[in-house]
Amino acid sequence: MTRDFIHINDFVILVEEADSLTKEVDSCFFDEPLIAIAFYGSGNVDLAVKYGSKQDDFTYTKGLALSFYADEKVEFEHTVSPGKSLKCIVVATSLRNLEHLPNQEGEIFSELLGALVKPKDHYVEGPRFFMTPEMERIVDAFFSNNYTGKTKMMFFRSQITALLSHFFGQLAIQQEESSKPSYKAQLNKARAILLENIDNPPSLTELSKEIGFNTTRLKKEFKAFFGVPVFKYLQNERLDSAHHLISEKKATVQEAAWQVGYDSLSSFSNAFAKKFGYRPSQIK
């Protein structure tokens, strides 16, 4: 387990990472009441939030952006196990610092996370959603950059600003869309079906039937909700999964291509290079 604290203006940035070959449980608490946003990377760790006699469980965290208020009595318990590692960035600020945040960020917090600014319990969950591909790339960059010293701090500062901008931008869009019919449950089900069948996904027609949509509505609403078309989202997930398999020495390039559903090695290599800027064979 690695746990780093970074101070940027009146924000505290907590960067956590852990891998394990066996099941391990790690708990943490905050020293004072905070408003925070947790961004979960590709690890897909299990999370339990415990406060008093209550407990909230999250069994699928990959790509999750979760806002919350928590005081000193709240326990955040991560269960790390093989295939479910911890990669998490928490951006937090104390209630007393809200009015001191630069660039009107305090006003944004108050406007879009109002229930957290005036909490009524030890733990209050705010808006949560699965991140856009742009947000996921920012989070992944935190765990793969090679910067050091002042350059690393400059990089972190710019990325946190971009990540918060994306988060509040998506939140504003969702609030604007709140008066329209909500398809959140169906779209999250479609996403889960794709991820469970990443190597052999259903067709658009099959997927539409699974969630009770026609194909036109599925394509329109999926892109509006996740920011990319259905199979572009699937391709990103396939390539991210393959990158992890290759970089962690869990599969050869050929094996990784097969495991994520590519029959053609050249097609896989070309798609990989287009997304990451280098070919899978160049990973060391």
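Preceding this paragraph is the structure being described.
Sequence positions are assigned chain by chain, starting from 1 and proceeding in written order. A pLDDT threshold of at least 70 governs which residues receive local features in this predicted model, and a stricter bar of 80 or more applies before side-chain atom pairs are shown or counted, although totals over entire chains, interfaces and linings include all residues. Values reported for side chains reflect all heavy atoms of the structure, with hydrogen atoms and water molecules removed beforehand.

**Student:** Teacher, can you tell me more about the layout of surface pockets here?
**Tutor:** Summary: where empty space remains is shown by rolling a probe the size of a single water molecule over the atoms. In this structure, the largest pocket spans a volume of roughly 1500 Å³. Cavities and pockets were defined on a 1 Å grid built from protein atoms only: a cavity is a group of points that admits a 1.4 Å probe but offers it no way out, a pocket is an open group of points flanked by protein on both sides within 12 Å along at least five of seven lines, and a lining residue is one with an atom within 4 Å of any such point. If you go around the largest pocket, you meet 43 residues; those closest to its centre are Ser42, Lys87, Asp240, Ser241 and His244. Helical segments are the DSSP runs of H or I of at least four residues, strand segments are the runs of E of at least two, and each set is numbered from the N terminus. Breaking the lining of the largest pocket down by element, the ones donating at least two residues are α3 (133-142), α5 (184-196), α8 (230-247) and α10 (265-276). Counting residues per element, the lining of the largest pocket draws most heavily on α8, at seven residues. In terms of residue class, the lining of the largest pocket is built from 13 nonpolar, 16 polar and 14 charged. Grid points are joined across faces, edges and corners, and a volume is the space filled by probe spheres set on the points. Residues are grouped as follows: nonpolar covers Ala, Val, Leu, Ile, Met, Phe, Trp, Tyr, Cys and Pro; charged covers Asp, Glu, Lys and Arg; every other residue, Gly included, is treated as polar.

**Student:** Hey, could you run me through the environment of Lys184 in this one?
**Tutor:** Relative to the assigned elements, Lys184 resides in helix α5. Residues Lys184 and Ile211, 27 residues apart in the sequence, show an inter-C-alpha distance of 11 Å. Any two residues whose heavy atoms approach within 4.5 Å are treated as being in contact. Beyond its immediate stretch of four places on either side in the chain, Lys184 contacts Arg128 and Phe225.

**Student:** Would you take a moment to explain the pairing of strand β7 (residues 64-70) for this structure?
**Tutor:** On a regular strand, each side chain points to the face opposite its neighbour's, so the side chains alternate between the two faces of the sheet. Any residue under 20% of the maximum accessible area for its type is buried, any over 50% is exposed, and the rest in between are partly exposed; the area is computed with a 1.4 Å probe on protein chains only. Among the seven residues that make up β7, seven are buried, leaving the element largely enclosed by the rest of the structure. Taking every second residue as pointing to the same face, both faces of β7 are buried, with Leu64, Leu66, Phe68 and Ala70 on one and Ala65, Ser67 and Tyr69 on the other. Bridging between strand β4 (residues 34-40) and β7 involves six bridges; their strand directions are antiparallel. From the neighbouring strand, Ala38 faces β7, where its bridge partner is Leu66. Pairing between strands is defined by DSSP: at least two bridges between them are needed. Here six bridges tie β7 to strand β10 (residues 123-130), and the two strands are oriented antiparallel to one another. By the bridge assignment for β10, Leu64 is matched with Phe130.

**Student:** Teacher, can you tell me more about the packing of α5 against helix α6 (residues 204-211) here?
**Tutor:** Two packed helices can be described by the angle between their axes and the distance between those axes. Helix axes are fitted only over the stretch in contact, all axes being lines through C-alpha atoms; the angle between N-to-C directions runs from 0 to 180 degrees. Packing of α5 against α6 leaves a shortest axis separation of 9 Å and a crossing angle of 135°. Relative to α6, the element α5 lies oblique. Once α5 is placed against α6, the crossing between them reads as right-handed. Mapping the contact onto sequence places Gln186, Lys189, Ala190, Ile193 and Leu194 in α5 and Leu207, Glu210 and Ile211 in α6. Here the residues of the contact of α5 with α6 sort into five nonpolar, one polar and two charged. Relative orientations are named as follows: roughly parallel for angles under 35 degrees, roughly antiparallel for angles over 145 degrees, roughly perpendicular for angles from 65 to 115 degrees, and oblique for any other angle. The handedness criterion is simple: a crossing whose near helix is rotated anticlockwise from the far helix by less than a right angle is left-handed, and one whose near helix is rotated clockwise is right-handed.

**Student:** Teacher, can you tell me more about the sheet that holds strand β8 (residues 75-80) here?
**Tutor:** In sheet architecture, strand pairing relies on hydrogen bonds along the backbone and comes in two forms, parallel and antiparallel. Overall, antiparallel pairing links the four strands, which are arranged β3-β8-β5-β6 in an open sheet. Edge positions in the open sheet fall to β3 (24-28) and β6 (54-58), since each of these has one partner strand only. On average, each strand axis in the sheet is inclined to that of its neighbour by 20°, with strand direction left out of account. Inspection of the sheet shows strand β5 (residues 46-51) paired to β8 by five bridges, in the antiparallel sense. Bridged to Lys50 within β8 is Glu75.

**Student:** Where do I start with the pattern of salt bridges in this structure?
**Tutor:** Should the charged atoms of two oppositely charged side chains come close, the side chains can pair. Here a salt bridge means any side-chain nitrogen of Lys or Arg lying within 4 Å of a carboxyl oxygen belonging to Asp or Glu. Under the defined criterion, the tally for this structure stands at nine salt bridges. A salt bridge links Asp121 to Lys54; its shortest N-O distance comes to 2.8 Å. Here Asp121 is found in the loop between α2 (114-117) and β10, whereas its partner Lys54 is found in strand β6, with 67 residues between them in sequence. Owing to a relative accessible area of 44%, Lys54 belongs among the partly exposed residues under this scheme. Between Glu237 and Lys62 there is a salt bridge; the shortest N-O distance is 2.7 Å. Linking Glu237 in helix α8 with Lys62 in the loop between β6 and β7, this pair joins segments that are 175 residues apart in sequence. A single salt-bridge network, built from bridges that share partners, covers Arg3, Glu16 and Asp26.

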